[in-house]
Amino acid sequence: MLCQECQQRQATLHFTKIINGKKTEFHICDVCAKEKGEYIPGSNSFSIHQLLSGLLDVNFSAGAGEVKKPPQELKCKNCGMTYQQFAEIGRFGCADCYETFNPKLDPIFKRIHSGNAVHGGKIPKRIGKDLQVHRQIEQLKQKLQEAVTNEEFEHAAELRDNIRSLEKSLQDKKEG
Amino acid sequence: MSLQNFISEAISPWMKNEGPDADIVLSSRVRLARNLNNTPFPLAASKENLEAVIKLAEEKFANRTHRKFGNLELLKMEDMKQNEKRVLVEKHLISPNLSDESKAGAALLSEDESLSIMINEEDHIRIQVLLSGFQLDQSLKYANEIDDWMEEKADFAFDEKRGYLTSCPTNVGTGLRASVMMHLPALVITRQMNRILPAINQLGLVVRGIYGEGSEALGNLFQISNQITLGKSEDDIVEDLRSVVIQLIQQERAARESLLQESKLQIEDRVYRSYGILSYSRNMESKEATQRLSDVRLGIDLGLIDNVSGNILNELMILTQPGFLQQYAGEILSPEQRDQRRAALIRERLKLEKDK
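Please read all numbers here as calculations on a predicted model, not as lab measurements. (Residues numbered from 1 in each chain as written. Chains lettered and ligands numbered in written order. Predicted model: local features only at pLDDT ≥ 70, side-chain atom pairs only at ≥ 80, totals over all residues. Heavy atoms only, no water.)

Engineer: Where do I start with the pattern of salt bridges in this structure?
Structural biologist: All names here are of chain B. Enumeration according to the criterion identifies 35 salt bridges over all chains in this entry. The residue arginine 297 makes a salt bridge to aspartate 301 at a minimum N-O spacing of 3.2 Å. Separated by four residues within a single helix, arginine 297 and aspartate 301 lie in helix α11 (residues 286-301), roughly one turn from each other. Between arginine 349 and glutamate 315 there is a salt bridge whose closest N-O contact spans 2.5 Å. (Salt bridge = Lys/Arg side-chain N within 4 Å of Asp/Glu carboxyl O. Helix = DSSP H or I, 4+ residues; strand = E, 2+ residues; numbered from the N terminus.)

Structural data, given as structure tokens:
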């Protein structure tokens, strides 16, 4: 699990705070725990994790002050949500966030859904069909590229016609 | 308004049908979370975005006759009074979140109130089917039909790998939450529940009290639902829950049997005490009411109390909540006034049974 503060390091400190009956879970790394200071219990004690991470990562052992934030953060182009924000509120901003944050999602989903990260249920009838057509077009385009590279122009023309007719069928459905 | 008329108008029509195993499973519910493809999720959306979603619901789904659910009525949160919304929350037709937090929320309700489609809750669309008794398969079937019906006219956010995309990562994939509300007094009295709960959790299911997350199990009522939504098919998710519920029903029946055999007098005393208190008290907090009603319901199911109808627990659990008490009184009440009104309503309701 990544630290919920910096999203950089493994969280090594896990604890639950209960204030007025409201439960909040914290998962943070040692560096952020130190920065947060007193409000996190046990953060000043020297842990085995500190020792280990010191051995594993040279930069890390340089100390809290010198660890820099990453230069570019994942940010959804559609709704503007950053990965940091997603981690804080635990909600995606739009469908495109799934694409943007994709590299980081598998471990999150696996933790929540007992090791599963891939859908195994219903496929919507109407969009599902379109998805198949889209996938077919992508495959044909790849073949077309290969055909052109190999100078098989007759075959390429055939593929091109196939792609056009599939694209037209999608277009017609949208308008119809 | 007479109490009888108030009750018949207040109770959702679906509640009047007694479903299978209704002595233990009060209701079955299936919820599907769906979002539109080209609109930010409600959390990140502008008010204009959300109003466009409501407009879509209004134009494509409201006042259309669906062959199973009939006409769907669209209710906009902003047009409703606070207590009207509260009553819908108490009937489990909308969530507190939709009622109070949504920037532009609405709900589509079927006439029998077994179908409710929340618009702009955490997700753009939340389809909920609620049936009486143990009817998980049927609930899933209906919810799927509504999902297909809506999908013909709306572009849902769907990804081949991740399935239906939802605002919260805990709902992604199928977007399915299936749950049952169970009355398990004998398992609680015989102290078996503490042993059973951890086992249920290990199977990937969640057990909660009646008022949702973190609430204690008042009135021996437990809500059991699936946690995992990704990686399994809808049928498998429902089947896993169903098989655990079948086990619980058998265990509860066995515990009731042994209570009757081994401590009939104590049980009889307990349920009649509660019956007496409900029949004559003048001041009743909701917590006590829930516990006493559970006792009376157990007495009915065990055949110890025979002149009261069985659905009194479900009915009074709903009717003695603050929103309903205020609706019946026709005014906003203080907590003390509510306790008095609650006691009076329960007394009157039990008297109706005696006069029968």
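Engineer: What is the right way to read the confidence of the model for chain B from this model?
Structural biologist: Note that predicted coordinates carrying low pLDDT should not be read in detail. All names here are of chain B. Scored by pLDDT, chain B comes out at a mean of 91, with 97% of its residues at no less than 70. Within chain B, strand β5 (residues 115-119) carries the highest mean pLDDT (97), whereas helix α1 (residues 3-10) carries the lowest (77). Per the prediction output, this complex has pTM 0.78; the corresponding ipTM is 0.86. (pLDDT = per-residue confidence, 0-100.)

Engineer: I'm lost on the packing of aromatic side chains in this one. Help?
Structural biologist: For any pair of aromatic rings, geometry is given as the distance between the ring centres together with the angle between the planes. Residues and elements named next belong to chain A. Applying the stated criterion across every chain yields a total of 11 aromatic pairs over all chains. Taking the centre distance of 5.5 Å and the plane angle of 80 degrees together, the rings of tyrosine 83 and phenylalanine 101 count as edge-to-face. Linking tyrosine 83 in helix α3 (residues 83-89) with phenylalanine 101 in the loop between α4 (95-100) and α5 (102-112), this pair joins segments that are 18 residues apart in sequence. Both residues of the pair, tyrosine 83 and phenylalanine 101, belong to the buried class. (Phe/Tyr/Trp six-rings, centres within 6.5 Å; stacked < 30°, edge-to-face > 60°. Buried < 20%, exposed > 50% of the residue type's maximum accessible area, 1.4 Å probe, protein only.)

Engineer: Help me understand the side chain of B:Ser27 in this model?
Structural biologist: All names here are of chain B. Within the secondary structure layout, serine 27 lies in strand β1 (residues 25-34). Given the relative accessible area of 15%, serine 27 is considered buried. Ignoring any residue separated from it by four or fewer positions in sequence, one finds serine 27 in contact with Trp14, Leu130, Leu131, Ser132, Gly133, Ser179, Val180 and Met181. (Contact = heavy atoms within 4.5 Å.)

Engineer: How should the sheet that holds strand β11 (residues 221-226) of chain B be read in this particular structure?
Structural biologist: Strands pair in a sheet through their backbones, by hydrogen bonds, and they do so in one of two ways: parallel or antiparallel. Residue and element names in this part refer to chain B. What the nine strands build is an open sheet, ordered β2-β3-β4-β5-β6-β1-β9-β11-β10; its pairing is antiparallel. Looking along the sheet, the strands with just one partner apiece sit at the ends: β2 (65-66) and β10 (205-208). Taken together, the five bridges between strand β9 (residues 176-183) and β11 define a ladder with antiparallel strand orientation. Residue pairing across strands places serine 179 opposite serine 225, the latter belonging to β11. Its contacts with the sheet put helix α3 (residues 47-60) on β3 (70-76), β4 (106-110) and β5, and the angle it makes with β3 is roughly 155 degrees. Across the sheet, helix α9 (residues 234-262) touches β1, β9, β10 and β11, and the angle it forms with β9 is around 5 degrees. (Pairing = 2+ DSSP bridges. Axes fitted to C-alpha atoms, helices over the stretch in contact; angles between N-to-C directions.)

Engineer: Is there a simple way to think about the side chain of B:Gln326 in this case?
Structural biologist: Residue and element names in this part refer to chain B. Within the secondary structure layout, glutamine 326 lies in helix α13 (residues 322-329). Judged by relative accessible area, glutamine 326 falls into the buried class, the value being 5%. Setting aside residues no more than four positions away along its own chain, glutamine 326 makes contact with Asn83, Glu331, Ile332, Leu333 and Arg338.

Engineer: Looking at this structure, I do not really get the interface of chain A and chain B. What am I missing?
Structural biologist: Where the parts come together, the accessible area they lose is often given as the size of the interface. Tallying the contact residues gives 31 residues for chain A and 40 residues for chain B. Linking chain A with chain B are seven salt bridges. Along the contact surface separating chain A from chain B lie 24 residue pairs in polar contact (both at pLDDT 80 or more). Within the residue set of the side of chain A that touches chain B, elements represented by two or more residues are α3, α4, α5 and α6 (125-149) of chain A. Here the residues of the side of chain A that touches chain B sort into 16 nonpolar, nine polar and six charged. (Polar contact = N/O pair within 3.5 Å; in protein donor to acceptor, adjacent residues only side chain to side chain. Nonpolar A, V, L, I, M, F, W, Y, C, P; charged D, E, K, R; others polar.)

Engineer: Explanation requested: the pairing of β5(B) in the structure shown.
Structural biologist: Along any regular strand, the residues point their side chains to alternate faces of the sheet. Residue and element names in this part refer to chain B. The buried fraction of β5 amounts to five of the five residues, a majority that puts the element mostly inside the structure. Here β5 shows a buried face lined by Leu115, Ile117 and Ile119 and a second buried face lined by Ser116 and Met118. Inspection of the sheet shows β4 paired to β5 by four bridges, in the antiparallel sense. In the sheet register, alanine 107 faces β5, and the bridge partner there is methionine 118. Connecting β4 to the antiparallel partner β5 that follows it, the hairpin turn spans four residues, and glutamate 113 within it adopts a positive phi of roughly 65 degrees. Relative to strand β6 (residues 125-132), β5 runs antiparallel, the two sharing five bridges. Among the inter-strand pairings, methionine 118 is bridged to a residue of β6, identified as arginine 126.

Engineer: I keep staring at unusual backbone geometry and nothing clicks. Help me out?
Structural biologist: A negative phi angle characterises most non-glycine residues, just as the trans form characterises most peptide bonds. Residue A:Glu151 is not a glycine yet carries a positive backbone phi of 60 degrees. With respect to the element layout, A:Glu151 can be found in the loop between α6 and α7 (153-175). With a phi angle near 65 degrees, B:Asn120 is a residue other than glycine that sits in the positive phi range. For B:Asn120, a relative accessible area of 1% puts it in the buried group.

Engineer: Help me understand the packing of α1(B) against α13(B) in this model?
Structural biologist: Two numbers describe a pair of packed helices, the interaxial angle and the distance between the axes. All names here are of chain B. Remark: α1 packs on α13, axes separated minimally by 11 Å, with the N-to-C direction vectors making an angle of 135 degrees. Regarding the angle of α1 to α13, the classification is oblique. By crossing handedness, the relation of α1 to α13 is classed as right-handed. Residues Leu3, Phe6 and Ala10 of α1 form the contact with α13, whose participating residues are Phe324, Gln327 and Tyr328. In terms of residue class, the contact of α1 with α13 is built from five nonpolar, one polar and no charged. (Parallel < 35°, antiparallel > 145°, perpendicular 65-115°, else oblique. Left-handed = near helix turned anticlockwise from the far one by under 90°.)

Engineer: Before we go on, may I ask you to explain α3(B) in this structure?
Structural biologist: Spacing of three or four residues puts side chains on the same side of an α-helix, whose turn is 3.6 residues. Residues and elements named next belong to chain B. The first and last C-alpha atoms of α3 sit 20 Å apart over 14 residues, in line with the 20 Å expected at 1.5 Å per residue. Among the residues of α3, those classed as buried are Leu50, Val53, Ile54 and Ala57. All buried residues of α3 fall inside an arc of 95 degrees around its axis, so they share one side. (Expected span 1.5 Å × (residues − 1). Arc of directions from axis to C-beta.)

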